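For reference, the chains in residue letters:
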Amino acid sequence: MAQLTIIEAIRAAILHEMEEDERVMILGLDVGRLGGVFRTTDGLIEKFGRKRVFDTPLAEASIIGSSIGLAISGLIPVAEIQFLGFTHQAFHQLGQQLGRYRYRSRGRFPLQVTVRAPMGGGTKTPEFHPDAIEAQFVQSPAIKVVMPSNPYDAKGMLIEAIRDPDPVLFIEPERLYRKGRAEVPDEAYTVPFGKARVAREGEHITLIGWSAAVEVCEHAAAKLAEEGISAEVLDLRSLVPLDIESMVASVVKTGRCVVVHEAPLSAGFGAEVVATLQEEAFYSLDAPIARVASYDTPYPPATMENLWLPSSARVVNAARKTVNA
Amino acid sequence: MPENGVYQVLDPSGRLREGAKPVLDDEFVLEGLRWMLLSRAFDSKATALQRQGRFGVFSPVIGQEASVVGSAMAFEPRTDWLVPQYRELPAYLMWGFPLVKHILNLSGNPVAGRIPDDLKMLPTQVSLAAQLPHAVGLAWGLQIQGKEGVVVTYFGEGSSSEGDFHESCNLAGVTGAPIVFFLQNNQWAISTPRSFQSAARYFADRAAGYGFPGRVVDGNDLLAVYEVTKEAVDRARRGEGPTLIESITYRMSFHNTTDNPSRYQDPKDLEEARARDPIERIEAYLRERGMWSDEKAKEYRAVAAQEIEDALVEAQQAPRPEPAQIFENVFAELTPRQAAQRRELLGE
Ligand SMILES: Cc1ncc(C[n+]2csc(CCOP(=O)(O)OP(=O)(O)O)c2C)c(N)n1
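Everything numeric in this text was worked out from a predicted model, so none of it was measured.

Peer 1: Describe the environment of Arg78 of chain B, and please don't skip the residues or the numbers.
Peer 2: Mapped onto the secondary structure, Arg78 of chain B falls in the loop between α2 (65-72) and β1 (81-83). Those residues in contact with Arg78 of chain B that sit more than four places away from it in its chain are Lys120 and Glu148 of chain B.

What follows is the structure in structure tokens.
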């Protein structure tokens, strides 16, 4: 077992799958010589050559669109979009083409395609780069949307994604890329989609998050513990498929819940979580479910992003209110 | 001007090419050099400050000064619109955008960095090629309303792979809008070399497919860039439609301050590029004409350094960003929910 960062865990997953199956190839901006702007694919072009590690022209729509054709031709593309905000250039190819091929072709052309992209703020990147737009893809049914928050999940979920017979959007928590290391097995393993992870056990309230927001929930839970509030932190890990059972089980246990995400509040995926919980666990709730999210404005200038993003202080406040309701 | 091939007025050593006649008077060229030196000095200063953690991420112009300045000189900022990408600092300044505001934008204080209302210039933006359809719409709108003015839009060769570029050129061709597409081919899009972007001999060759002229120019030759751009501006002003200019230059520095080109760039290429430095070329030309000397060089550089120093000091005195500004200019009027969020943020 090695102690890996998220970046290293992702690289290990890709490396393993490329060694295992020669149909696996990667394509995207600067993935070759540079090894990606975050060095995720560092060293892969030296090992596998330009045919399997392809620096594409600067055009996201064709990165995703051609991945569809590459998959139909018999390859297994792992496409990288430099920042999730730039999947918008490829939105139609991703949500409406990649996510509908099996359906449209009546099962003739299922697409084994993985699209990787970093997401999230807190690193002072310019406009568009940090946008948390995950919910937009959930609204395009038939594409899986998965969001690991730690090195172990990053490796296991990426291998799962590459082997999945259906398209997977694999969203990486940019802020946590190199923040801390964790034990990651050397061998290949998979973390199944649709199984949430209890990141911290608790009794009084459930904090639900995904991607880098899990870390915010963990900080909040630590602070709440000092006040005698025992918070459970649930990392959803995948939005599609959604682990409704684990969400319900936790809320039935605690009776209270706060949902946290980096996307602006209105119509964020938190709304889906809350709606599902009130359908499935209404009679177990002791207080209304709260949401802590970014505000409903465009992403602010870097100097102000930390006021805008959900902070652990805001989560603590919301949790206190919920517990005292 | 040759249809094919790279247009050049000065050879790399700054001597006039055989048969070339400079169309610019020396004072005008000196003014161009002044902007180029200011741009170069700003990039060095900003890099140093960034390395000390006193400045945000930015993309230097180094190596592309003749390309940006020579083209910008061909426009009339009073009537013509500038639609930038992000690597064209001297053009913003030539349009009248204050250096202090540029510094404020780079330091994450864009409220103070708002473009003055009397400048015909759009904000820089980093979603590559997304500004090109805006530029076409602007030019087309001027044309429809019979307003004077030509639009120039800047972008890199990498950005020209985006669909937005091709859709914009096509629309500009169809409408005959008064626009100059100024493609800076600096050989790199972060680590991706020019040859990975397009199999075409020249990016400008694509113009034929959109039904308007494409021109290729040595982007390190201030005089050549000016001439080629001026011709395109004149065409547009006469109502003859768009031009695509490919300015062949070299990014002599990192992509931005987070980049490390030694991972992908052959040091020999960089050395060769340095030998074609656009500033040295125009300095040599002016020296030959008795317009430039070591003293002048020193004087111009000192003036540039002072101008930058003053802007940095002024930037420090600008009002700091206020949390309430997160909610400014979202809409003319906030929605009730936004207003409630604003109160929450401000603890009201
Ligand atoms: C749509 C989009 N995709 C990706 C990026 C990330 N990115 C920023 S700059 C850059 C390279 C741009 O190259 P080029 O257009 O040649 O301009 P240059 O930086 O060389 O001036 C990339 C890929 C972006 N900003 N926008």
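Don't stop here, the text continues.
Peer 1: Lay out helix α3 (residues 60-72) of chain A in plain terms, naming residues and giving numbers.
Peer 2: Because each turn of an α-helix spans 3.6 residues, side chains separated by three or four positions in sequence point in the same direction. All names here are of chain A. The terminal C-alpha atoms of α3 lie 19 Å apart, and with 13 residues this matches the ideal 18 Å at 1.5 Å per residue to within 8%. Looking at α3, one finds that the buried residues are Glu60, Ile63, Ile64, Gly65, Ser67, Ile68 and Ala71. Next to the buried residues of α3 lie β2 (24-28), β4 (76-80), α4 (91-97), α5 (101-104) and β5 (114-119).

Peer 1: Quick one: what's the story with helix α2 (residues 44-52) of chain A, residue by residue and with numbers?
Peer 2: All names here are of chain A. Where α2 is concerned, the buried positions are Leu44, Ile45, Phe48 and Arg52. Viewed end-on, α2 has its buried residues packed into an arc of 125°, placing them on one side of the element. Seen from the buried face of α2, the exposed residues on the opposite side, beyond 90 degrees, are Glu46 and Lys51. Contact partners of the buried residues in α2: α1 (6-20), β2 and β3 (53-55).

Peer 1: Describe the layout of surface pockets, with residues and values.
Peer 2: Computed from the structure, the second largest pocket encloses a volume of approximately 470 Å³. Contributing elements (two or more residues each) for the lining of the second largest pocket: β14 (290-294) and α12 (312-324) of chain A together with α12 (336-346) of chain B. By residue class, the composition of the lining of the second largest pocket is seven nonpolar, four polar and five charged.

Peer 1: Residue-level account of the interface of chain B and chain A, with values.
Peer 2: The interface is formed by 33 residues belonging to chain B together with 34 residues belonging to chain A. Interface area for chain B against chain A, summed over the two sides, is near 2900 Å², with a carbon-plus-sulfur share of 58%. Per-residue buried area on chain B facing chain A is highest for Phe196, Arg263 and Ile326 of chain B; these three make up 23% of the total on that side. Applying the counting criterion to the chain B and chain A interface returns two salt bridges. Two residues, Glu344 of chain B and Arg314 of chain A, come together in a salt bridge whose shortest N-O distance is 3.4 Å. Seen at the junction of chain B and chain A, the total is 14 residue pairs in polar contact (both at pLDDT 80 or more). With five residues, α12 of chain B is the largest single contributor of residues to the side of chain B that touches chain A. Its residues assigned to classes, the side of chain B that touches chain A comprises 13 nonpolar, 14 polar and six charged.

Calculation notes
- The residue numbers shown here count from 1 along each chain, following its written sequence.
- Throughout, the order in which chains and ligands are written sets their labels, letters from A for the former and numbers from 1 for the latter.
- In keeping with the predicted nature of the model, local features appear solely for residues at pLDDT of at least 70, side-chain atom pairs appear and are counted solely at 80 or more, and the whole-chain, interface and lining totals rest on all residues.
- Note that the side-chain values use all heavy atoms of the structure and ignore hydrogens as well as water.
- Counting from the N terminus, the helices are DSSP H or I runs at least four residues long and the strands are E runs at least two residues long.
- The criterion used for residue contact is that any of the two residues' heavy atoms lie within 4.5 Å.
- Helix span is expected to be 1.5 Å times the residue number reduced by one.
- Per-residue accessibility, obtained with a 1.4 Å probe over protein chains only, is compared with the maximum for each type, and a residue is labelled buried under 20%, exposed over 50%, and partly exposed between these values.
- By arc we mean the arc of the directions from the helix axis to the C-beta atoms, nothing more.
- Using a grid of 1 Å spacing that covers the protein atoms alone, one calls a set of points a cavity when a 1.4 Å probe fits there but cannot get out, and a pocket when the set is open and has protein on both sides within 12 Å along at least five of seven lines; lining residues are those with an atom within 4 Å of a point.
- Grid points are joined across faces, edges and corners, and a volume is the space filled by probe spheres set on the points.
- By the convention adopted, Pro, Cys, Tyr, Trp, Phe, Met, Ile, Leu, Val and Ala count as nonpolar, Lys, Arg, Asp and Glu as charged, and the other residues, Gly among them, as polar.
- Buried area, as used here, totals the accessible surface that two parts lose on assembly, with accessibility defined by a 1.4 Å probe and the loss added over both.
- Just to be clear on terms, a salt bridge is a Lys or Arg side-chain nitrogen sitting within 4 Å of an Asp or Glu carboxyl oxygen.
- Polar contacts here mean pairs of N or O atoms no more than 3.5 Å apart (in protein, one a potential hydrogen donor and the other a potential acceptor; neighbouring residues in sequence count only if both atoms are side-chain atoms).

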